[in-house]
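Here is how the chains run, residue by residue.
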Amino acid sequence: MSTSELAARRLPLIAASAVGAEPRLQPRYAEVVLPVPVSRNYTYQIPFELEDRVVPGARVIVPLQRRQVVGIVAAVDAPAPAVATKPILRAPDAEPAITPALFALGVWISRYYGTPLGLALRALLPGGLWSARRPEGPGESTERVLVLTATLPSLLERERVFKRAPKRRVAYETLEAIGGSAPVRHLIDRLGLSAAALQGVVDQGLGRYDHVPKARDPFAGLSSPPPPELTADQRRVVQGILATPVETPVLLQGVTGSGKTLVYLEVLRSLVAAGQGAIVLVPEIALTPQTVARVRGVFGDQVAVLHSGLSDGERADAWRALRRGERRVAVGPRSAVFAPVVRLGAIVVDEEHEASYKQGTAPRYHARDVALERARLEGGGGGGARVILGSATPSLEALHLAAAGRAVRFDLPERIGARPLPPVEVVDLRVAERVPESRGVPWTEVLDQAVRGALARQEQVILLLNRRGFATFLQCPACGTVRDCPRCAIALTVHQTPAALRCHYCGHEEPIPAACSVCGKETQRMRGLGTQQLEHFLALRFPESRIVRMDLDTTSTKWAHHRVLERMAGGQVDILLGTQMIAKGLDFPNVTVVGVVDADTGLHLPDFRAAERTFQLVAQVAGRAGRGPKGGRVYVQTRAPDHYAIRAAAVHSVAQFAASELPLRAPPHPLYPPHVRLARFVAAHEDAERARRTAERVATWLARANTERLGGALTVLGPAPCPIERIKGRWRWHVLVKAVEPRAIGRVVRALGARARGVVVDRDPVALL
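This structure is a prediction, so every number in the text was calculated from the model and none was measured. (Residues numbered from 1 in each chain as written. Predicted model: local features only at pLDDT ≥ 70, side-chain atom pairs only at ≥ 80, totals over all residues. Heavy atoms only, no water.)

1. Focus on the overall build of the protein chain
A tally of regular secondary structure across the protein chain gives 22 helices and 31 strands. In the protein chain, once contacts between residues fewer than 6 apart in sequence are set aside, the share between residues at least 24 apart is 73%. (Helix = DSSP H or I, 4+ residues; strand = E, 2+ residues; numbered from the N terminus. Contact = heavy atoms within 4.5 Å.)

Quick look at the structure:
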């Protein structure tokens, strides 16, 4: 558009009603998206003085009822509304906070996940930038810098000027030697100059103090240089990834300890050298100083870390540095997928199978899927950005993507240095001899001797207790059989009132049998074991050992789990026990014994992904052993030693697990992802009856829409009580919807997302508890 056309569009005139009348400006309007759960845009008048700043993607401060809120401009030159319109109050951004590609991503999230656009856009910016009182966000941190303002080229001149001030001359010449400016704190603390000498340089008119922005970076100074050479396998994979078309996603499957991170960094190195940027996503629990140091070892101060443990100021500084192009590599958990990286060239999703990549509140996005869509949207017509998905135990969705030809898969089958994967011993809890004092703790003589041996050799032990069981399931202690729902292929849950076995997907109920249907022995009601209970037992059993528990209770404070891991790395911990968070990406060469205390609590959760999660968890935690020259051994205690998930994890075989699990999610069995798409609708209320009635209305609406508008494309399950029936005083019921055709799911998700009050809409849920 030419300058004259632009001016004509911006300043249209209303024709004067009479000759000689003064022309007046026609008001212009903008559509603004507000971060509220409303599925429509708001229209505001654009004040003349703000026209240059009110552009799509920019933040604006607008009145809403009796308050002021921050909104995002969706479009300008909107049609004049029929009612009186309030003006935009402020436009704080010199350039739009949200780029066109990121705005388009927000629109995609809104449509795909059935969430209002305002809530989708809210996820794109740090929380500090949504304050109407302080829209510029937390103020930038500054530091005082001394800058030379005069030159003294000759020695004679210096002799004259500094005749009676030799320390001042040292300060002047030191500053001159390092480029003419430096932070005052650096000059005093690191170089040993005195504050008086520096002040003298200023007083003499030879320098001045300036205040310059300084990024608050708690990871500054962390650096771990990469190995000088890649292995032959790593070089092969790097070359293969770089030869793959940018628009084709890559799945990197490498055993634990194979050096996947080094492959990512080598691929990104060439992109960053060419002036492009990158995002590295890691599960929050794995975002340790060790991980950051590896990335900074390659890219130095070009790395910005985004982490929930950061203060608002630290997070805002990282965001600004990326938005201005001062830093090119963003590292962080799921929300870092929205980092405003300039010229984005690649997104790495490490440990892509992790459930923590799924957001638990609206918008309920999955960072892996958002990464794939953002990569497509970036770069306009230039092919977008590359996506690399990495894992030792890829999700079945990622494996399906590769099998269908929509991603290219590369393998790293061996550990660095050809170290063998640790042998895994499966301990059958039905017959294995227990330690006499164990009582309710499943602690066998085999595991006890292994732990004692490691402690005697001054080696370290990791003990994994699978997620605490809340659901009581029925299991035969003799043959290990667990009663499943005949319609949904998930474990039935024991209910006391009324006494019955109930399916938490479809609502199927049956009486509680007294005997096993397979072998006839008496059944037992099984529950999970708590980490505190296990910690107490270990303290009595191994009183001389330094035992640390790592779970949500002990790591709720800022950087708490980092401190635990630092103690472990420093040899100050003998036994580390915890939930699934200890299975992620830890690298401790002195760990020679890993024990999975009870694999069954996770294996029989009422969730169709229970076997997949158990396989991934056992395989991942097994990878923590034997990472040093001493080797290691893994012990998995279970009452289902012949279960295919346990068997596959024992031999570290993803292919073996997938070959068993995928057919169980396809006909003639009940269909589950990746063969179908899934959506979940949860009704919650303090009144149990109201929650049930709301869920029934949702199920009725879905059944009618399926029959009348979707040609029977959906399978509707429920309503049924959620496996966790009550959370924070609210009773929960849910309805599940399955469909082979994603568009059918999309239509009901958008419809219910827009109209159903008090109902949580979750597309592609990762957990159904």
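2. As for the pattern of salt bridges
Summed over all chains, the structure comprises 41 salt bridges. The partner of Glu 173 in a salt bridge is Arg 158, with the nearest N and O atoms 3.2 Å apart. Taken together, the positions of Glu 173 in helix α5 (residues 166–177) and Arg 158 in helix α4 (residues 155–161) put the pair 15 residues apart, joining distant regions of the chain. Take Arg 158: its relative accessible area is 10%, and that puts it in the buried class. Note that Asp 369 is salt-bridged to Arg 368, the shortest N-O span being 3.4 Å. Each member of the salt-bridge network shares a partner with another, and the members are Arg 158, Glu 159, Arg 169, Glu 173 and Glu 176. (Salt bridge = Lys/Arg side-chain N within 4 Å of Asp/Glu carboxyl O. Buried < 20%, exposed > 50% of the residue type's maximum accessible area, 1.4 Å probe, protein only.)

3. A short note on the nonpolar core
By size, the foremost hydrophobic cluster in this structure holds 89 residues, and its most contacted members are Ile 279, Leu 281, Phe 338, Ile 462, Leu 576, Phe 615 and Val 636. With seven residues, the single largest contributor to this core is helix α18 (residues 610–622). (Core = buried A, V, L, I, M, F, W, Y, C linked by side-chain atoms within 4.5 Å.)

4. Examining the sheet that holds strand β12 (residues 303–305)
Strand order in this open sheet of seven strands is β12-β13-β11-β14-β15-β10-β16, and the pairing throughout is parallel. Unpaired on one side and paired on the other, β12 and β16 (408–412) mark the two borders of the sheet. Going from strand to strand, the sheet's axes swing by 15° on average, the running direction of each strand aside. The sheet contact formed by strand β11 (residues 277–281) and strand β13 (residues 329–332) spans four bridges and is parallel. Looking at the pairing, Leu 281 lines up with Gly 332 of β13. Where helix α12 (residues 367–377) meets the sheet, it contacts β11, β14 (344–350) and β15 (386–391), and its direction lies at approximately 165° from that of β14. (Pairing = 2+ DSSP bridges. Axes fitted to C-alpha atoms, helices over the stretch in contact; angles between N-to-C directions.)

5. Overview of helix α20 (residues 654–664)
Listed as buried for α20 are Val 654, Phe 657, Ala 658 and Glu 661. Along α20, the residues classed as buried sweep out an arc of 95° about the axis, all on the same side. Set apart from the buried face of α20 by more than 90 degrees, the exposed residues are Ala 655 and Ala 659. The secondary structure elements touched by the buried residues of α20 are β10 (250–254), α13 (396–403), α18 and α19 (644–650). (Arc of directions from axis to C-beta.)

6. Quick look at the environment of Val 292
Mapping Val 292 onto the fold places it in helix α10 (residues 289–299). Overall, the relative accessible area of 1% leaves Val 292 in the buried class. The spatial distance from the C-alpha of Val 292 to the C-alpha of Ala 304 is 9.5 Å, given a sequence separation of twelve residues.

7. Regarding the sheet that holds strand β7 (residues 142–148)
Sheet architecture is open: three strands sit in the order β8-β7-β9, paired in antiparallel fashion. The sheet is open, and its two edges are formed by β8 (181–183) and β9 (207–213), each paired on a single side. Shown here is a sheet whose adjacent strand axes are inclined to one another by a mean of 30°, direction ignored. Looking at chain direction, β7 and β8 are connected through three bridges and run antiparallel. Its bridge partner lying in β8, Val 145 is registered against Pro 183. Docked against the sheet, α5 engages β7 and β8, running at close to 100° with respect to β7. Along the sheet, helix α7 (residues 195–203) makes contact with β7 and β9, crossing β9 at roughly 110°.

8. Thoughts on the environment of Val 62
Position of Val 62 among the secondary structure elements: in strand β5 (residues 59–64). For Val 62, a relative accessible area of 0% translates into the label buried. As for Val 62 and Ile 72, which are separated by ten residues in sequence, their C-alpha atoms are 9.9 Å apart. Sequence-distant contacts of Val 62, that is, excluding residues within four places in its chain, are made with Leu 34, Tyr 44, Arg 67, Gln 68, Val 69, Ile 88 and Leu 89.

9. Focus on the environment of Gly 578
Tracing the backbone shows Gly 578 in strand β25 (residues 575–578). With 30 residues separating them along the chain, Gly 578 and Val 548 place their C-alpha atoms 8.4 Å apart.

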